[in-house]
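Letter by letter, the chains look like this.
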Amino acid sequence: MFKDRFRNKTILIVEDDVFSSKLLSEYLSLTGAKILFAKNGFEAVNYAKNNSDIDLILMDIKLPGKGGIDATKEIRYFRKNVPIIAQTATAMLCELKTFYFCGMDDYITKPYTQEELLQKVDRHLRKKYHSTS
């Protein structure tokens with residue numbers, strides 16, 4: 001269903017855990033998307049500044065140095081419309097409010113299935129391109 005679905009799309013994965021990065025890469029491999037990797041919030045901000053072709057960001061919350069919340073706030077200064085999906089191990093109501101307040105568009109709770117991830121990514125990519133058309 002998702003084979004080559006995200007061809008010509010670029011997804012930035014912001015994740016400090018090697019296993020999680022590999023899993024995300026595997027989950028997205030069949031979609032045809034170009035994948036970029038950042039290991040912390042500082043790298044994520046730099047990628048977002050220097051790569052205007054990024055179509056979606058999968059942002060881990062707990063990162064070394066600059067965390068996902070602070071990175072998202074900074075990215076929102078210069079990239080207002082790129083969808084940012086939080087990846088989190090917990091999803092308490094107070095945390096979810098913080099995600100949305102800082103500028104994230106959605107969240108996905110770890111562990112998640114490939115199908116859950118691809119459906120969420122697909123929904124946000126479709127929304128982004130339908131709203132800018």
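Please refer to the structure higher up on the page.
Everything numeric here is computed off the predicted structure, so don't read it as measured data.

Chemist: Go over the overall build of the chain, please, and point to the residues and values.
Modeler: Assigned secondary structure in the chain consists of five helices and five strands. Along the chain, from the amino end to the carboxyl end, the secondary structure elements read β-α-β-α-β-α-β-α-β-α. A globule of 133 residues ought to have a C-alpha radius of gyration of about 14 Å, and the chain, at 13 Å, matches this closely. Taken along the three principal axes of its C-alpha coordinates, the chain extends 35 × 30 × 25 Å. Within the chain, the proportion of its 133 residues that are buried is 47%. Of the contacts made within the chain by residues no fewer than 6 positions apart, 66% connect residues no fewer than 24 positions apart. One finds the centroid of the 21 positive side-chain charges in the chain at a distance of 5 Å from the centroid of its 17 negative side-chain charges.

Chemist: Give a detailed account of the pairing of strand β4 (residues 84-88), specifying residues and quantitative values.
Modeler: With five of its five residues buried, β4 lies for the most part within the structure. With burial as the criterion, each face of β4 is covered, one bearing I84, A86 and T88 and the other bearing I85 and Q87. When strand β3 (residues 54-60) meets β4, the two strands line up parallel, connected through four bridges. Note on β4: the bridge partner recorded for D60 is Q87. Two strands pair when backbone bridges link them, and β4 and strand β5 (residues 106-109) are joined in this way by four bridges, in the parallel orientation. Its bridge partner being in β5, Q87 is matched across the sheet by I108.

Chemist: So what about the sheet that holds β3? Which residues, and what values?
Modeler: Taken in spatial order, the five strands of this open sheet run β2-β1-β3-β4-β5, and their pairing is parallel. Here the strands that pair on one side only, and so sit at the sheet edges, are β2 (34-38) and β5. Direction aside, neighbouring strands of the sheet carry axes that sit 20 degrees apart on average. In this fold helix α1 (residues 18-29) packs onto β1 (10-14), β2, β3 and β4, with an angle of close to 160 degrees to the strand it touches most, β1. Set on the sheet, helix α3 (residues 68-78) makes contact with β3 and β4; between it and β3 the angle comes to about 155 degrees.

Reading guide: rules and limits
- Residues numbered from 1 in each chain as written.
- Predicted model: local features only at pLDDT ≥ 70, side-chain atom pairs only at ≥ 80, totals over all residues.
- Heavy atoms only, no water.
- Helix = DSSP H or I, 4+ residues; strand = E, 2+ residues; numbered from the N terminus.
- Rg over C-alpha atoms; globule rule 2.2 N^0.38 Å.
- Buried < 20%, exposed > 50% of the residue type's maximum accessible area, 1.4 Å probe, protein only.
- Contact = heavy atoms within 4.5 Å.
- Lys, Arg positive; Asp, Glu negative; His and termini not counted.
- Charge placed at Lys NZ, Arg CZ, Asp CG, Glu CD.
- Pairing = 2+ DSSP bridges.
- Axes fitted to C-alpha atoms, helices over the stretch in contact; angles between N-to-C directions.

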